[in-house]
Amino acid sequence: MIPAGVILPFDGNNTAIPAGWSRDTRFDGRFPSAISGTLGQTGGSSAHSHTGSTHTHQPNSHVHSSDEYTSSANGEQGYSSNDDPKSTVSEGHRHKAQVSNASFSGNALSDKVDYASTTALPPYYEVIFIKADTDSQIPAESLVYRSSARSGLSFHSASQNRFLKGAVAGGNAGGTGGSNTHSHSVTHTHTAVSHTHSGTTGESTDTDRRQADGGSVIGQHTHTFSFSQSLTGDTFTGTSPSETNLPTYTNLGLYKAASQTNVAVGDIAITTSSSNPTGWITCDGTNGTPKLSGFYVRNSQTSGTGGKVKHTHESGNSHTHSQSHNHGGSVTTNTNQGGHGAYGGTLKASQNHSHTITNISTVNMTWQAASMSAGETSWEPPYIRVRYIMATQTALSDGYGPALLLLLDR
Ligand SMILES: [Fe+2]
Ligand SMILES: [Fe+2]
Ligand SMILES: [Fe+2]
Ligand SMILES: [Fe+2]
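A brief look at the structure comes next. (Residues numbered from 1 in each chain as written. Chains lettered and ligands numbered in written order. Predicted model: local features only at pLDDT ≥ 70, side-chain atom pairs only at ≥ 80, totals over all residues. Heavy atoms only, no water.)

So, about the coordination of the iron ion (ligand 1). Protein-derived coordination of the iron ion (ligand 1) comes from His 48 (NE2), His 50 (NE2), His 182 (NE2), His 184 (NE2), His 311 (NE2) and His 313 (NE2), at a distance range of 2.2 to 2.3 Å. Its six donor atoms give the iron ion (ligand 1) angles of 83 to 175° at the centre, a pattern that matches the octahedral case. (Donors = N, O, S within 2.8 Å, 3.2 Å for Na, K, Ca; no water. Tetrahedral: all angles 85-135°; square planar, octahedral: opposite > 155°, others 65-115°.)

Quick look at the structure:
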């Protein structure tokens, strides 16, 4: 007998639940789990994410070039030694730009990247979990776990290597889904960081840099320059290394009754009651029972265990970032005096001036490879805590034994 209150998986339609049995809706959408906890307690989720850790990409230097010369500057005013302003005491001049000689300094890209939520369910076969309203036989189309085959039942190959999952509310048995592994999207763009190029132009190149009204060449000079730009690094689009979807499991064969059948020794059913019915013992690895406590059960006739309820995704996804840029294409040099020139035998200074460096080339700023990693997450699929119980010889007495003895006593 299956005692009242005991639960079996049923592989049929919702409208075909046998008389004397009721759908146990607590199991709808859930995987039975004999991991320790309060019986009947539900939890878990079909999706999960991970908190990422920070990864850092060191910058690579790069070089820009520009036109060979700066812009021309002229019109500088000079002053005589007695501060008598003169107009245009020097003519236009320019410098070799020398941007390609500039020194580079830059910051690393460094951000915490979380692993986005993803659905991850182990391979499953959907059934309806039904509960006996009264003491019953095993109904047709229902399932029991067993350590070995027996007559009256056949191995349920449709759910081989799968976990049983309650069909969605009101749904029928037979749906399948899930997969062995999952990964997460780790798409990210880093916070912008700046880099700088600093250098010095060549000396003024024009030998006709002189006073407008004649006189000697004014002194040679250079200009410094510095230009910066903030870049984010192009967006990296990728996925994490994969990890198992399988919760901590043990294998056990699942067998289906083609027609109503009596309970046999070794048949395994489900309960969420705190005590076992008479003749049924907990499947905890003692008294000849398979050890199902502490596990999810996967339908396989080959013994084995595996899976985990905590996982991380090993460091991986080595990746780089780059971004093309040209610093706006131009930069103004710092100002500098033009030096001194002789005017009528008197030293003269020209005013500060600057030049423009144009056509700064577009190049790729690149950062070195780095790997992402994620924190460990405790994750189980949607579950309901249960206990698996196995029928012993006593469970087969069907309750008629004592009645028979009473008759014999008379
Ligand atoms: Fe994960
Ligand atoms: Fe200059
Ligand atoms: Fe990155
Ligand atoms: Fe640059």
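Right, let's get into the pattern of salt bridges. For the coordinates displayed, the defined rule picks out 11 salt bridges. Salt-bridge contacts for Asp 11 lead to Lys 256; the nearest nitrogen and oxygen are separated by 2.9 Å. On the criterion of sequence distance, the pair formed by Asp 11 in the loop between β1 (7-10) and β2 (21-23) and Lys 256 in strand β21 (residues 249-257) is long-range, its members being 245 residues apart. Here Asp 11 and Lys 256 have matching classes, each one buried. The salt bridge involving Glu 126 is made with Lys 165; its shortest N-O contact spans 3.1 Å. One end of the pair, Glu 126, is in strand β12 (residues 124-132); the other, Lys 165, is in strand β15 (residues 163-166), and 39 residues separate them in sequence. Accessibility expressed as a relative area gives 14% for Glu 126, which makes it buried. Lys 165 gets classed as buried once you look at its relative accessible area, which sits at 8%. The network of salt bridges with shared partners includes Asp 11, Glu 141 and Lys 256. (Salt bridge = Lys/Arg side-chain N within 4 Å of Asp/Glu carboxyl O. Helix = DSSP H or I, 4+ residues; strand = E, 2+ residues; numbered from the N terminus. Buried < 20%, exposed > 50% of the residue type's maximum accessible area, 1.4 Å probe, protein only.)

Right, let's get into the packing of aromatic side chains. In the structure shown here, the tally under the stated rule is six aromatic pairs. Ring geometry for Tyr 145 versus Tyr 388: centroids 5.8 Å apart, planes at 85°, classification edge-to-face. With a gap of 243 residues between them, Tyr 145 in strand β13 (residues 143-146) and Tyr 388 in strand β35 (residues 387-391) connect regions that are remote in the sequence. Taken as a pair, Tyr 145 and Tyr 388 share a single burial class, namely buried. Consider the rings of Phe 163 and Tyr 249, whose centres lie 5.8 Å apart with planes at 90°: the pair is edge-to-face. Of the two residues, Phe 163 is situated in strand β15 and Tyr 249 in strand β21; the sequence distance between them amounts to 86 residues. You can call Phe 163 buried: its relative accessible area is 1%. We classify Tyr 249 as buried; its relative accessible area is 9%. A cation over an aromatic ring shows up here: Arg 94 above the ring of Tyr 69, its NZ or CZ 3.9 Å from the ring centre. (Phe/Tyr/Trp six-rings, centres within 6.5 Å; stacked < 30°, edge-to-face > 60°. Lys NZ or Arg CZ within 6 Å of the ring centre and 35° of its normal.)

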